[in-house]
Amino acid sequence: MSKILEIFNTMEYGPAPEAPDAVKAWLDEHNRKFGLFINNEWMTPKGAKFYPSYNPSNGELMAETTQAEKKDVDAAVASARGAFKTWSKTPGVTRARYLYAIARNIQKHSRLLAVLESMDNGKPIRESRDIDVPLLARHFYYYAGWAQLMETELRDYQPVGVVGQIIPWNFPLLMLAWKIAPAIAMGNTVVLKPASYTRLTALLFAEIVAEAGLPAGVVNVITGSSSAGSMIVEHPDVDKIAFTGSTDVGRTLRKQTAGSGKKLSLELGGKSPFVVFDDADLDGAVEGVVDAIWFNQGQVCCAGSRLIVQENVAGKFIQKLKARMEHMRVGDPLDKAIDMGAIVDQSQWDTIDGWVKTGIAEGGECFQPNIALPEKGLFYKPTLITGLDPAAATVQEEIFGPVLVSLTFRTPSEAIELANNTRYGLAASVWSDNINLALDVASKIKAGSVWVNCTNQFDGASGFGGYRESGYGREGGREGLFEYLRPKWMERPRPEFTVDSKWGAHTPTLPTQPGVARANGHSLPLVDRTPKMYIGGKQVRPDGAYTTTITNAKGKIVGQVGDGNRKDIRDAVEAAHAAHVAKPGWAMRHGYNRSQILYFIAENLDARNAEFVKRIVEMTGRTQKSAGAEVDAAVERLFSYAAWADKYGGTVQETTLRGITVAVNEPVGVIGIACPDEMPLLGFVSLMAPAIARGNTVVMIPSQKHPLSATDFYQVLDTSDVPGGVVNIVTGDRDHLVKTLVQHEDVDSVWYFGSADGSYHIENESAANMKRTWTGYGLPRNWLDREQGEGHEFLHEATQVKNIWVPTGE
Ligand code: NAP
């Protein structure tokens, strides 16, 4: 025992241990052996295999849990499906009561949850008690509110169905809350699989939910290996997969669900920048770094793992940071006065250590403080690696441990370039006392969450999710609801498709055989009006110099168009990209300007109404009345999106931050759009207009069968002040052209309204760089109907939400 005088002299912390007794009692009550939680009951399958859960801070075996097999996954899905019948019909106000009861129950069992979380995962009790568990309750309160409001505020939507949810080990309770709360609030039922390293709190949570009286089958928790996860993903009766985990597994899931019509949201990895300007409060920023990278031992998807400091203060900042690191306390997670607990598992410890060695081999200088670690357990020192090249693997790859790399910059534009020099885009932190600079940089960093002069802020009222290879979809906030909803008019797509190894192959078309009549009655056109491609605001010849003939329903020739190839698509993407980033790019123009241009397009289309009607009649053989209705609807649709151009900018989120959290609906970037064959003009306009209204630039592949309405549209665009490159149009074989779009690194999203087979291939190919996709699965959509042909579904696809957090006050 230290003497008071010694303590006074050293100012050492004494131990402040949290008692594990209640957790041990709970584990003992279950004989330290757990079954699966299905239909509100514990179920231990006959002949089940078990998996050990260890406490990473001392290696003690805590309990064993079941390895679910196929029949168990089937039972859990069947239970969820059974419950869906009544739960989806249960009034929102009643569902709200259940969520509220769960939130209350979480609060009542908060200590047990927090202690178990720390013992199972290794995170400090300070974090599980003060962050994870309060946020767990907060999510259920927040989404209880949306259940209450669903019938009035989301009346055009219905639940998706049975949702398979797969979560990682770094925030077992929080990830579970992000997934279960919005899902059940919206009337879905759930089968959740926790990560193998951290299975126990999900099982305790299941009991707490049942105790709160949630009807059986609404929440099922099954434990198992990655293959059990895979079985959930492949299960035909699962309607949506919500996944949080590594980008590599996310890629696998995208491929597995491709073409199936299952909704998919992916919250993946990150390598988030932490940018410090020379005018920042450097001491504050040092504390920020501690929270950014050593929170949860750095095992955080949005960890600020890339420090980017302005060169003129870099030396001073690193010195302060090193001094602070010497005072970090690493130790028993149940000690209330430690900063960092244990790494979750030996294999993760080895991975982290491997990365540190790589960093040194890559020329980095490694600093670890001279602090004591407990003798036993999986502890790792806070680590800083300086002097690395921005392209070094240690700077580019997610380490998922307490390892910070640091770079320097001179100018704000260099800082932005370095911050965006990553395939990820999950989060960022910007530190400057110049609010104008900080907000400008925040708006230019490509990431789903940007924290200004703060870091790692989360709340139920704000969405969280990635750009680029950090995934898609949002969790939290109103924006997170969309993942668990389907428009009311839409059935669950169950497309039938075949996988074609030659998908997208195309041989250019040959001249039309003699004897094919022309629809206009002439044996030959008097003047050749064969349109070219429309790229960068100009008409350009198809690169391949091939032309394809367009015939009508009766087989008569109505015209010819260019037969586009890969090169045409690349040129179009380049033009779209240039128009997007030009200064000021299309995205930088204000909504008022974009709306005026859309009104102008509408006006000019209407001025040529009769001409477009004639063309549609000629191409499709439909009646004058039907074609007239299509053109009128296209004009109206342009008016709708002219209206939306300055009315979908975002919201101020009502989070718990003392300050402002703003959700900005940013454009996605360059969108490739393959249009449907039905309604050749209206389909084209219904997809182009929302995309450009919200600041995206587009590469349009018009209807393959009836492309002439789109090629006639060149002149409408030319006369409507649309800047070159905002809309690019490439005609030809839809699947051949869209294949290049989906494989193109500079295309941010692909919308595809072709066949079921094509939808499969688009989703499958998109996994390569985790591109966003929106496919129609070859199913009919009534483009004339405003509910199906315009509105929020389209605007949602045309935007990605960035949440910017700005604390206020001195
Ligand atoms: P992981 O290996 O991808 O595993 C995540 C979950 O997926 C686990 O439950 C795992 O089960 C399961 N799984 C693995 N392979 C599967 C497959 N083929 N099919 C279906 N399920 C499969 O990730 P992790 O190591 O647990 O977590 C770390 C990663 O999560 C990091 O990359 C981190 O950035 C990311 N993360 C992202 C967010 C976010 O919001 N963006 C939040 C937290 C973490 P087993 O455990 O049984 O293998």
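Residues numbered from 1 in each chain as written. Predicted model: local features only at pLDDT ≥ 70, side-chain atom pairs only at ≥ 80, totals over all residues. Heavy atoms only, no water.

## Digging into the overall build of the chain
Across its full length, the chain carries 26 helices and 32 strands. A globule of 810 residues ought to have a C-alpha radius of gyration of about 28 Å, and the chain, at 28 Å, matches this closely. Across its three principal directions, the C-alpha atoms of the chain cover 105 × 65 × 45 Å. Across the 810 residues in the chain, those meeting the buried criterion constitute 60%. Long-range contacts, defined here as pairs at least 24 residues apart, represent 76% of the contacts in the chain between residues at least 6 apart. Taken as a whole, the chain presents about 31300 Å² of accessible surface, with 52% of it coming from carbon and sulfur. Within the chain, the 94 negative side-chain charges are centred at a point lying 4 Å from the centre of the 83 positive side-chain charges. (Helix = DSSP H or I, 4+ residues; strand = E, 2+ residues; numbered from the N terminus. Rg over C-alpha atoms; globule rule 2.2 N^0.38 Å. Buried < 20%, exposed > 50% of the residue type's maximum accessible area, 1.4 Å probe, protein only. Contact = heavy atoms within 4.5 Å. Areas by Shrake-Rupley, 256 points an atom, 1.4 Å probe, with all protein chains shown as cover. Lys, Arg positive; Asp, Glu negative; His and termini not counted. Charge placed at Lys NZ, Arg CZ, Asp CG, Glu CD.)

## Notes on the site of the ligand
What surrounds the ligand is a group of 29 residues, the closest being Ile167, Ser196, Ser246, Leu268 and Glu398. A distance of 3.4 Å separates an oxygen atom of the ligand from a polar backbone atom of Ser226. Note that an oxygen atom of the ligand is positioned 2.7 Å from one of the side-chain N or O atoms of Ser246. Coverage of the ligand by the protein amounts to 87% of the 900 Å² it exposes when considered alone. Contributing elements (two or more residues each) for the shell around the ligand: α9 (226-234), β10 (240-244) and α10 (247-257). Top element by residues in the shell around the ligand is α9. It accounts for three residues. Here the shell around the ligand is built from residues that sort into 15 nonpolar, 11 polar and three charged. (Near = heavy atom within 4 Å. Polar contact = N/O pair within 3.5 Å; in protein donor to acceptor, adjacent residues only side chain to side chain. Nonpolar A, V, L, I, M, F, W, Y, C, P; charged D, E, K, R; others polar.)

## Section: the packing of helix α4 (residues 92-108) against helix α8 (residues 200-211)
In the contact formed by α4 and α8, the axes pass within 9 Å of each other and the chain directions differ by 125°. Comparing the axis directions of α4 and α8 gives the class oblique. Remark: the crossing between α4 and α8 carries right-handed chirality. In this structure, α4 uses Ile102, Asn105 and Ile106 to contact α8, whose residues at the interface are Phe205, Ile208, Val209 and Glu211. Here the contact of α4 with α8 is composed, by residue class, of five nonpolar, one polar and one charged. (Axes fitted to C-alpha atoms, helices over the stretch in contact; angles between N-to-C directions. Parallel < 35°, antiparallel > 145°, perpendicular 65-115°, else oblique. Left-handed = near helix turned anticlockwise from the far one by under 90°.)

## Quick word on the sheet that holds strand β4 (residues 49-54)
The strand order β1-β5-β4 describes an open sheet built from three strands, whose pairing is mixed. Because the sheet does not close on itself, it has two edges, and the strands there are β1 (33-34) and β4. With two bridges connecting them, β1 and strand β5 (residues 61-67) associate as parallel partners. Residue Lys33 lies in a different strand from β5, and its bridge partner there is Glu64. (Pairing = 2+ DSSP bridges.)

## Here's the deal with the packing of helix α2 (residues 21-29) against helix α5 (residues 110-121)
The contact between α2 and α5 brings their axes to 9 Å, and the two run at 85°. One element, α2, and the other, α5, form an angle in the roughly perpendicular class. Between α2 and α5, the residues in contact are Ala22, Val23 and Trp26 and Leu112, Val115, Leu116 and Met119, respectively. Classifying every residue of the contact of α2 with α5 gives seven nonpolar, no polar and no charged.

## Some points on the environment of Val670
Examined against the element boundaries, Val670 turns out to sit in strand β27 (residues 670-674). In sequence terms Val670 and Ser429 are 241 residues apart; their C-alpha atoms lie 26 Å from each other. In this structure Val670 touches Ala576, His577, Thr697, Asp746, Val747, Asp748 and Ser749, once residues within four positions along its chain are discounted.

## Remarks on the environment of His109
By the element assignment, His109 lies in the loop between α4 and α5. Excluding anything up to four places from it in sequence, His109 contacts Ile208 and Glu211.

## Overview of the nonpolar core
Phe140, Ile184, Phe205, Val276, Trp294 and Leu307 are the most contacted members of the largest nonpolar core, which totals 112 residues. Ranked by residues supplied to this core, first place goes to helix α6 (residues 125-153) with 12 residues. Ignoring sequence-local partners within four residues, the contact set of Ile184 consists of Trp87, Arg95, Leu99, Ile102, Phe140, Val190, Leu214, Val218 and Val219. Ala579, Val613, Val716 and Leu717 belong to the second-largest nonpolar core, a separate cluster that totals 54 residues. (Core = buried A, V, L, I, M, F, W, Y, C linked by side-chain atoms within 4.5 Å.)

## Some remarks on the pattern of salt bridges
It is possible for side chains bearing opposite charge to pair when their charged atoms get close. Summed over all chains, the structure comprises 38 salt bridges. Here Arg772 makes a salt bridge to Glu797, at a shortest N to O gap of 3.7 Å. Of this pair, Arg772 sits in strand β31 (residues 772-775) while Glu797 is found in helix α26 (residues 792-797), placing the two residues 25 residues apart along the sequence. Grouping residues by exposure puts Arg772 and Glu797 together as buried. A cluster of three or more residues bridged by salt bridges with shared partners is formed by Arg81, Asp237, Asp239, Arg492 and Arg494. (Salt bridge = Lys/Arg side-chain N within 4 Å of Asp/Glu carboxyl O.)

## Here's the deal with the side chain of Glu117
Tracing the backbone shows Glu117 in helix α5. We note that Glu117 is buried and unpaired, the nearest opposite charge coming from Lys123 at a distance of 4.9 Å. Within polar-contact distance, the side chain of Glu117 engages the backbone nitrogen of Leu173 at 2.9 Å. Of the polar contacts made by the side chain of Glu117, one reaches the side chain of Thr201; its length is 2.7 Å. Those residues in contact with Glu117, other than ones at most four positions away along the chain, are Gly122, Lys123, Ser128, Asp132, Phe171, Pro172, Leu173 and Thr201.

## With respect to the packing of aromatic side chains
In total, this model carries 29 aromatic pairs according to the counting rule given. Measuring from centroid to centroid gives 4.9 Å for Tyr534 and Tyr714, while their planes differ by 20°, and the two rings are stacked. Taken as a pair, Tyr534 in strand β21 (residues 533-535) and Tyr714 in helix α22 (residues 708-718) lie far apart in primary sequence, 180 residues in all. The same class applies to Tyr534 as to Tyr714, namely buried. When the centroid spacing of 5.2 Å and the interplanar angle of 70° are considered together, the rings of Tyr599 and Phe639 count as edge-to-face. Here Tyr599 is found in helix α18 (residues 591-607), whereas its partner Phe639 is found in helix α20 (residues 624-644), with 40 residues between them in sequence. (Phe/Tyr/Trp six-rings, centres within 6.5 Å; stacked < 30°, edge-to-face > 60°.)

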